4 protein chains.
Amino acid sequence: MNEIPKPSVPAPDIIRCAAMDLVVTDLAASRAFYVDVLGLHVTEEDDEAIYLRSFEEFIHHNLVLRKGPVAAVAAFAYRVRTPEDVDRAEAYYQELGCRTERRADGFQKGFGDSVRVEDPLGFPYEFFYATEHAERLHQRYDLISAGELVRLDHFNQVTPDVPRGRKYLEDLGFRVTEDIQDDQGVTYAAWMQRKGTVHDTALTGGNGPRMHHIAFSTHEKHNIIQICDKLGALRMSDHIERGPGRHGVSNAFYLYITDPDGHRVEIYTQDYWTGDPDNPVITWDVHDNQRRDWWGNPVVPSWYTEASPVLDLDGNLVEVVERTDSSEMEVTIGADGFSYTRPGDDDGTYRGEASKGFKIGNQL
Amino acid sequence: MNEIPKPSVPAPDIIRCAAMDLVVTDLAASRAFYVDVLGLHVTEEDDEAIYLRSFEEFIHHNLVLRKGPVAAVAAFAYRVRTPEDVDRAEAYYQELGCRTERRADGFQKGFGDSVRVEDPLGFPYEFFYATEHAERLHQRYDLISAGELVRLDHFNQVTPDVPRGRKYLEDLGFRVTEDIQDDQGVTYAAWMQRKGTVHDTALTGGNGPRMHHIAFSTHEKHNIIQICDKLGALRMSDHIERGPGRHGVSNAFYLYITDPDGHRVEIYTQDYWTGDPDNPVITWDVHDNQRRDWWGNPVVPSWYTEASPVLDLDGNLVEVVERTDSSEMEVTIGADGFSYTRPGDDDGTYRGEASKGFKIGNQL
Amino acid sequence: MNEIPKPSVPAPDIIRCAAMDLVVTDLAASRAFYVDVLGLHVTEEDDEAIYLRSFEEFIHHNLVLRKGPVAAVAAFAYRVRTPEDVDRAEAYYQELGCRTERRADGFQKGFGDSVRVEDPLGFPYEFFYATEHAERLHQRYDLISAGELVRLDHFNQVTPDVPRGRKYLEDLGFRVTEDIQDDQGVTYAAWMQRKGTVHDTALTGGNGPRMHHIAFSTHEKHNIIQICDKLGALRMSDHIERGPGRHGVSNAFYLYITDPDGHRVEIYTQDYWTGDPDNPVITWDVHDNQRRDWWGNPVVPSWYTEASPVLDLDGNLVEVVERTDSSEMEVTIGADGFSYTRPGDDDGTYRGEASKGFKIGNQL
Amino acid sequence: MNEIPKPSVPAPDIIRCAAMDLVVTDLAASRAFYVDVLGLHVTEEDDEAIYLRSFEEFIHHNLVLRKGPVAAVAAFAYRVRTPEDVDRAEAYYQELGCRTERRADGFQKGFGDSVRVEDPLGFPYEFFYATEHAERLHQRYDLISAGELVRLDHFNQVTPDVPRGRKYLEDLGFRVTEDIQDDQGVTYAAWMQRKGTVHDTALTGGNGPRMHHIAFSTHEKHNIIQICDKLGALRMSDHIERGPGRHGVSNAFYLYITDPDGHRVEIYTQDYWTGDPDNPVITWDVHDNQRRDWWGNPVVPSWYTEASPVLDLDGNLVEVVERTDSSEMEVTIGADGFSYTRPGDDDGTYRGEASKGFKIGNQL
């Protein structure tokens, strides 16, 4: 696809990913999942929407559950450094020829002057500075749960052409921390940050625009295990899609679960500092079977194939464009269904070929 | 098969599972795995054998790595309460018509007067009281590793006829804590204890006699995660067979790894107290997909099919008898490869059938 | 004092410490503490008493909060192996010349046939086998709190003459795991077990009979930290008396808090297996400043001086007898208030005398 | 003292606190402490200096142990965003009338073009951009220890006039996150950040300029407990000065230890995100006894009184100026030695005055 040009006007100064506006089809079912099971804290709610924040958050919310006819993402909202950065965002996307909409009183309750855009990749991006403050609960240990979600960590977006999206986001001020490539020069995914963690958003190669997941972080690894244990106790184990495990990329301990609409949520903890300008970028070989799970546990196919649609500024579903580059799932799961290791990562001294008998592979 | 009669003489008073005599084909490779990777502590070693103990152990060892031509188990050793209990064990198995061998100076370095038997299930069992004491390292925090193994927790044995084996072990003084059955009355596995944990040994239905695994415990869950992380760092992730996860049965947090010979080792933590005489026995439905993994993660086929052979008192491999009862693997992994939940555990309110698309299932 | 003779009749077979019958002066305040703050689970309650159990317990309760005029302990209850062991306990104490009372329907709701005695040390001991079973919550991860108490671990009793009490409890079948002595042969404390942990009860030298504390265990260390954090959030930090820390004796990670009546509760995790007959007994030098806190943090005086009175079988306070042996507090806190190390544990190469400037010492 | 004027030239863009140049009197003893006990990783060393980095660091080092005649701090080094920011730093301090020294090849091995200054508070500050990269060990789980230090978190400086220092650091671009004041308007301490954590440095009111401590972070709380356990095992418990505990200010879990020269090191984990421009500043009342320890555990006097001297650019000790404002130690430890709570934090419903009997207080 055509390269996205860099605007002549300055990009807005983005602080961090701050909130997602998520459309759900059954508000009560979603509330049961995000509040009763996951323990997110309600800042405010009505019959149409529920505004949730994580334990350490002080802005109005990190997640809006908004009642709607079809499960989708209405906006990926980023907080910018100053009110003027909202103007910069508007001008920036207007020069890109993108449709933009400005609302002095915001699109989301608790947020003020904001601009929403249909970005060059087809995603609904939102930029805001003004927000009401909510009580930061970080020392309310009388309210903390065993699996407490303490921060919003990142978004993950599915897009067909990762290098194209990466160039656009780098122009916007994001910095790449890690990516996955092959020796043919195909890029399968890229992680990009503003706040000094491994990412504020990531691009996953696939049919898009779609939302792959939203991620919240916990203090420690046992908090993530407790979320699994609780889902088991509630006989909701089918909501555990993948993990827990240790990521190769990002080095974080992770879990992927799905909400009542199938929106994917990652629980994530302990990546590393990336805020130095010369932070070393780590490129992973798509054939390294520890890239997505450091322990070599295979990625379930649904994780590659399923994602949530996104909405345009009129609230209509954005059409999905197919990825033409090779698919990570196809190149990593061979006829025997086994993710093989990079040449040189020879475990043969231990089990050789027999080792490949493990895990999903010989299921087939 | 014929029922095993209960001897008229008293059974020995077994304290706990205490040590395994394990034959390995490459002593250096096994030492690298158990000492360098897992961090077990060497009490004593020579060119023929290495004697290892866990962090909190005070008896001479919990594991012997013995050089031999074929990877197998030479003995499952239990500690008895008094020297006289060794006599009782000898008499008990003689009345059972089992071959026994008594050695005043023991079969394993550091252990004294012991008896070894070829038990009715074909397993080499050993009973001893006398042992040299080694330094208990429980406060040597200068030696503890991030993934420290602190105790030997249990053995797990594969046998074709679980009820037959269970009756024999109950006569011997073991008490069942949990088991897996189906509504046809087939028993797939049983867990049995002496020391007040969920088990000192378990019987897993399958072709046997074979050793399914030996299990060591850690203090906390993060220690088990570290073992995975370390295997990843050493590019030995193929040694991770299954997990980590939370067991339904036993409720412990677990991991299964394989040593250089393919002997399976479980790392295990946090089951519960079972030492009361009326401890409630928990029976799991084989069709409950949370029985083996509380989070519903599927059991990899190798976990069901692979196990280590055992040796008779002459050091020859014991012939394996096929299981005739139905196989847990076959009854739980259907055409779609998905372990389905017990009727009534329907999560359909959340994802219905679609949920079955997760995990191994839709691989096929 | 006179030695306590060993009865000719067999001692009851005690399984474990099982429950404490605790008199509190304000039932609502105590409920707020044990249920709302500590999260113990209510099996049953009425206007007079609340019956609480820990997360993994299956017997009716581990703690009774009973409304009364004065804060005290009405009974230390032990579970025995068989109904006949209740008869044995009755006969055993009758031969000791102790007052006993037998109740076919029990002294505590949920428990059946029991005997209560005024033991030779003046403590109200109770022995029972029969109990109603409550739901074991060990897999109810939907109910677990961040600081969950999972088991009753032990009692701790204050008595003037530790060797005298130790001999009596050893006759009763307890086995000593650790003790604190000095080179004059004075014993300051002893830890004794039945269930294979470091203790089911301990004797602390001091004016007695009094109850020093009751201890519940958690799964991991962070659970104990959470209890402190929660007390801080509730502005109840004055309820934290000592710790958290690592014990020298027992090696457990610990915390001491006090309930609304000043009854002391220990939160405890990760001691070690002691169930072998030849388990090595560890004797600590009273002058080793790491014996009570492995990190050398000083013991606050209140921990040595404060304890709860106990009741006789008529519900009257038992008179306290003064300790005549030297006091651990006096011998370990010198003129400078500093707990000094055992000769040879000199860290002088690092900070020498200056090190004594740390901690409580130079407060004075 | 006179207010420090804001220069007309722009301040350098500081990324984060990056390294401390620490003078020690016995290099071998310091190496044993920082490498063998704490497990910091040696990037490079010779007879004069040892260059150490934390587990997740990629710049050359975070700490230099430099052999010298007197234990002191030679420099607090900050990393700036660009090479030009080193020029800005030089010009900034020159306008402040401070002595500066520029070295194209750096003051510390592994760092390039740097400027060192004697700042208005008397501290030796260093600014650099250029650095050699070292292997980032963040996935070297084969090297991680149970008490691993993963990042340099912050510095802490003692200065007599906190508001004066605060104004100077705010001009330099630091943002205050928390502080401690009293109702007389006295400021006792202030925490200031650049990298989005609670601080990159803090000002503690007292005789200065002196270095109060340098802090490294761990992944989880149990890692800090392990450091205490290891010091206990090595019979080095006198090196534990204060903690572990939970800070009120910063909300981090903490421990303070002292190195062979008495330099104080904090081990720290889990504070919160502060990178938003309107991050709420938390002001603590000096009379809130949970401000320094959330659990109300008292601060040992040495923590208030002891600190390390600093050196000027000639390597001579900088003269210490006495604090004239009231002392936090004096105002918080009354005649009874007890840190009392803020009016309104009434725990009286639980223990009232009696509660004050706990902890250090009634030692006296």
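Residues numbered from 1 in each chain as written. Chains lettered and ligands numbered in written order. Predicted model: local features only at pLDDT ≥ 70, side-chain atom pairs only at ≥ 80, totals over all residues. Heavy atoms only, no water.

1. Here's the deal with the UniProt feature "domain: VOC" (unreviewed entry) in chain A
Residues and elements named next belong to chain A.
Alright, step 1. The feature "domain: VOC" (unreviewed entry), as annotated in UniProt, sits at residues 16–130 and 151–270 in this numbering.
Alright, step 2. For the annotated span residues 16–130, helix accounts for 21% and strand for 41% of the residues, and the straight-line distance between the end C-alpha atoms is 14 Å.
Alright, step 3. With 19% helix and 46% strand, residues 151–270 has its two end C-alpha atoms placed 12 Å apart. (UniProt positions renumbered as here; feature names shortened; annotations may be inferred. Helix = DSSP H or I, 4+ residues; strand = E, 2+ residues; numbered from the N terminus.)

2. Details of the relation of the copies chain A and chain C
Alright, step 1. For the match of chain A to chain C, the screw axis carries a shift of 0.0 Å, the RMSD comes to 0.0 Å, and the turn is 180°. Such values leave the two copies arranged in the relation of a two-fold axis. Within chain A, Ala146(A) has its C-alpha nearest the rotation axis, a separation of 2.0 Å. (Least-squares fit on C-alpha atoms with pLDDT ≥ 70 in both.)

3. Details of the environment of Gly243(D)
Alright, step 1. Along the chain, Gly243(D) falls in strand 14 (residues 240–246).
Alright, step 2. Among the residues examined, Gly243(D) registers a relative accessible area of 15% and is labelled buried.
Alright, step 3. Considering only alpha carbons, one finds Gly243(D) and Cys228(D), 15 residues apart in sequence, at a separation of 9.2 Å.
Alright, step 4. Setting aside its immediate chain neighbours within four residues, Gly243(D) contacts Asn297(C), Tyr254(D) and Leu255(D). (Buried < 20%, exposed > 50% of the residue type's maximum accessible area, 1.4 Å probe, protein only. Contact = heavy atoms within 4.5 Å.)

4. Description of the sheet that holds strand 2 (residues 41–45) of chain D
Residue and element names in this part refer to chain D.
Alright, step 1. Pairing within the open sheet is mixed, and its eight strands lie in the order 2-3-4-1-5-8-7-6. Because the sheet does not close on itself, it has two edges, and the strands there are strand 2 and strand 6 (100–103). For this sheet, the mean inter-axis angle between neighbouring strands, taken without regard to orientation, is 20°.
Alright, step 2. As paired strands, strand 3 (residues 49–53) and strand 4 (residues 63–67) are joined by four bridges and run antiparallel to one another. Its bridge partner lying in strand 4, Leu-52 is registered against Leu-63.
Alright, step 3. Of the strands in this sheet, strand 5 (72–80), strand 6, strand 7 (114–118) and strand 8 (124–128) touch helix 2 (residues 83–95), which is tilted by about 160° from strand 6. (Pairing = 2+ DSSP bridges. Axes fitted to C-alpha atoms, helices over the stretch in contact; angles between N-to-C directions.)

5. Notes on the environment of Ala32(D)
Alright, step 1. One can find Ala32(D) in helix 1 (residues 27–37).
Alright, step 2. C-alpha of Ala32(D) to C-alpha of Leu172(D): the two residues are 140 residues apart in sequence and 37 Å apart in space.

6. Considering the packing of helix 4 (residues 221–233) of chain C against helix 4 (residues 221–233) of chain D
Alright, step 1. Direction vectors running N to C along helix 4 of chain C and helix 4 of chain D enclose 100°, while the axes themselves pass 9 Å from each other. When the axes of helix 4 of chain C and helix 4 of chain D are compared, the pair comes out roughly perpendicular. Contacts from Lys221(C), His222(C) and Ile225(C) in helix 4 of chain C reach Lys221(D), His222(D) and Ile225(D) in helix 4 of chain D.
Alright, step 2. Of the residues belonging to the contact of helix 4 of chain C with helix 4 of chain D, the class tally is two nonpolar, two polar and two charged. (Parallel < 35°, antiparallel > 145°, perpendicular 65-115°, else oblique. Nonpolar A, V, L, I, M, F, W, Y, C, P; charged D, E, K, R; others polar.)

7. Points about the side chain of Thr332(B)
Alright, step 1. By the element assignment, Thr332(B) lies in helix 6 (residues 328–332).
Alright, step 2. Separated by 2.6 Å, the side chain of Thr332(B) and the backbone oxygen of Glu328(B) make a polar contact. (Polar contact = N/O pair within 3.5 Å; in protein donor to acceptor, adjacent residues only side chain to side chain.)

8. Describing the environment of Leu27(D)
All names here are of chain D.
Alright, step 1. Checked against the element boundaries, Leu-27 lands in helix 1.
Alright, step 2. For Leu-27, a relative accessible area of 11% gives the class buried.
Alright, step 3. With 38 residues separating them along the chain, Leu-27 and Leu-65 place their C-alpha atoms 7.1 Å apart.
Alright, step 4. If near-sequence neighbours (up to four positions away) are discounted, Leu-27 is found in contact with Asp-46, Asp-47, Glu-48, Ala-49, Ile-50, Leu-65 and Lys-67.

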